[in-house]
Amino acid sequence: MEIKATLSKPYTEKQRLDFIVDNNHNKGYKIEETEESLNALGKTQEELAEIAIQNERTEIQKQLDELDKKRIRAVCEPSMKTENQSWLEYYNQEVQALRAQL
């Protein structure tokens, strides 16, 4: 976390409330009050990038789970997706592509 904005003392109650509304309610920053100021704390670019990577991994894992269910069904119900490719082969290719992404 890093300080994104600061409101130094002395400040009026209106300034305090405006600061909180702008930085907490509108921007989602955590507000911390110290003896000298009111600080808005937000995530650094590195933290945001790590969260984005984790979210992408979670989404890929969900897709893999869904494909696993479809592959099980494809084994039980052997039908063809196209003339030359079974559903199982198709799902296996999809899984390989997602695992390469992961």
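All of the points below concern the structure found in this document. (Residues numbered from 1 in each chain as written. Predicted model: local features only at pLDDT ≥ 70, side-chain atom pairs only at ≥ 80, totals over all residues. Heavy atoms only, no water.)

Take the nonpolar core next. With seven residues, the main nonpolar core is built from Ile60, Leu64, Leu67, Ala74, Tyr91, Val95 and Leu98. The leading source of residues in this core is helix 2 (residues 45-76), at four residues. Once you skip the residues sitting within four places of it in the chain, leucine 98 turns out to touch Ile60, Gln63, Leu64 and Leu67. Counting six residues, the second-largest nonpolar core is a separate cluster that includes Leu7, Tyr11, Phe19 and Ile20. (Core = buried A, V, L, I, M, F, W, Y, C linked by side-chain atoms within 4.5 Å. Buried < 20%, exposed > 50% of the residue type's maximum accessible area, 1.4 Å probe, protein only. Helix = DSSP H or I, 4+ residues; strand = E, 2+ residues; numbered from the N terminus. Contact = heavy atoms within 4.5 Å.)

Our focus in this paragraph is the side chain of glutamine 85. For glutamine 85, the position within the fold is in the loop between helix 2 and helix 3 (87-101). For glutamine 85, a relative accessible area of 17% translates into the label buried. A distance of 3.0 Å separates a polar atom in the side chain of glutamine 85 from a polar atom in the side chain of glutamine 93. Residues in contact with glutamine 85, not counting those within four places in the same chain, are Met80, Tyr90 and Gln93. (Polar contact = N/O pair within 3.5 Å; in protein donor to acceptor, adjacent residues only side chain to side chain.)

Throughout the structure, instances matching the rule amount to three aromatic pairs. Ring geometry for tryptophan 87 and tyrosine 90: centres 5.9 Å apart, planes at 90°, overall edge-to-face. With tryptophan 87 and tyrosine 90 both in helix 3, this residue pair falls three residues apart, about one helical turn. By the ring-pair criterion, three or more aromatic residues cluster together here, those being Trp87, Tyr90 and Tyr91. Its guanidinium or amino end placed over the ring of tyrosine 90, lysine 81 lies 4.6 Å from that ring's centre, counting from NZ or CZ. (Phe/Tyr/Trp six-rings, centres within 6.5 Å; stacked < 30°, edge-to-face > 60°. Lys NZ or Arg CZ within 6 Å of the ring centre and 35° of its normal.)

So yeah, pure geometry; function would need other evidence.
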